[in-house]
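Residues per chain are reported as follows:
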Amino acid sequence: MSVGESILITVFNREHEVLMNLFRWLNASDLSDSEIILVDDQSTYDYGWLDAYKKLMPIKIFKMDEYPAFRTDNGANGPSKAFNRALSESSGDRLCILS
């Protein structure tokens, strides 16, 4: 089933406060024809608290398995593989990419 808009988000050790502000903003928006796809790109942070937002909005959360990639000094990957995963999970006619 297709929706109007897929909002794609990837995270790697994104601070909780930043994500809380994003999800508060999204919750205040009209998401009646939208889906939110969040892909955790092997963060060491625990994002279990995001499960509470599943009751408030149409969000799907995926965690990437480990994969071979160039890593920066802080352990981050380039976000392209995570965005490709988000894209493959989306069903919207339009995309909104948040990084």
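This text gives an overview of the structure that appears in the document. (Residues numbered from 1 in each chain as written. Predicted model: local features only at pLDDT ≥ 70, side-chain atom pairs only at ≥ 80, totals over all residues. Heavy atoms only, no water.)

### Focus on the packing of aromatic side chains
Step number 1: All chains considered together, the criterion is met by 3 aromatic pairs.
Step number 2: Relative to Tyr53, the ring of Phe23 has its centre 5.3 Å away and its plane inclined at 40°; by these criteria the two rings are tilted. Taken together, the positions of Phe23 in helix H1 (residues 16-27) and Tyr53 in the loop between strand S2 (34-40) and strand S3 (59-63) put the pair 30 residues apart, joining distant regions of the chain. Each member of the pair Phe23 and Tyr53 is classed as buried.
Step number 3: Ring centres of Tyr45 and Tyr47 lie 6.4 Å apart, and the angle between their planes is 65°; on these two criteria the pair is classed as edge-to-face.
Step number 4: Using a relative accessible area of 8% as the deciding quantity, one classes Tyr47 as buried.
Step number 5: Put simply, the rings of Phe23, Trp49 and Tyr53 pair up and form one aromatic cluster. (Phe/Tyr/Trp six-rings, centres within 6.5 Å; stacked < 30°, edge-to-face > 60°. Helix = DSSP H or I, 4+ residues; strand = E, 2+ residues; numbered from the N terminus. Buried < 20%, exposed > 50% of the residue type's maximum accessible area, 1.4 Å probe, protein only.)

### Some thoughts on helix H2 (residues 80-89)
Step number 1: What H2 keeps buried is the set Ala82, Phe83 and Ala86. The buried residues of H2 occupy an angular sector of 100° when the element is viewed end-on, so they sit on one face. Across H2 from its buried face, at more than 90 degrees, point the exposed residues Ser80, Asn84 and Ser88. (Arc of directions from axis to C-beta.)

### Let's talk about the pairing of strand S1 (residues 3-11)
Step number 1: Burial analysis of S1 places 8 of its 9 residues in the buried class, the great majority of the element.
Step number 2: Summarising the sheet, S1 and strand S4 (residues 92-98) pair through 6 bridges and their orientation is parallel. Bridge pairing in S4 links Val3 to Gly92.
Step number 3: Relative to S2, S1 runs parallel, the two being bridged by 7 bridges. From the neighbouring strand, Thr10 faces S2, where its bridge partner is Val39.
Step number 4: In this view, the connection linking S1 to its parallel neighbour S2 by way of H1 has right-handed handedness. (Pairing = 2+ DSSP bridges. Right-handed = clockwise from strand over helix to strand, strands pointing away.)

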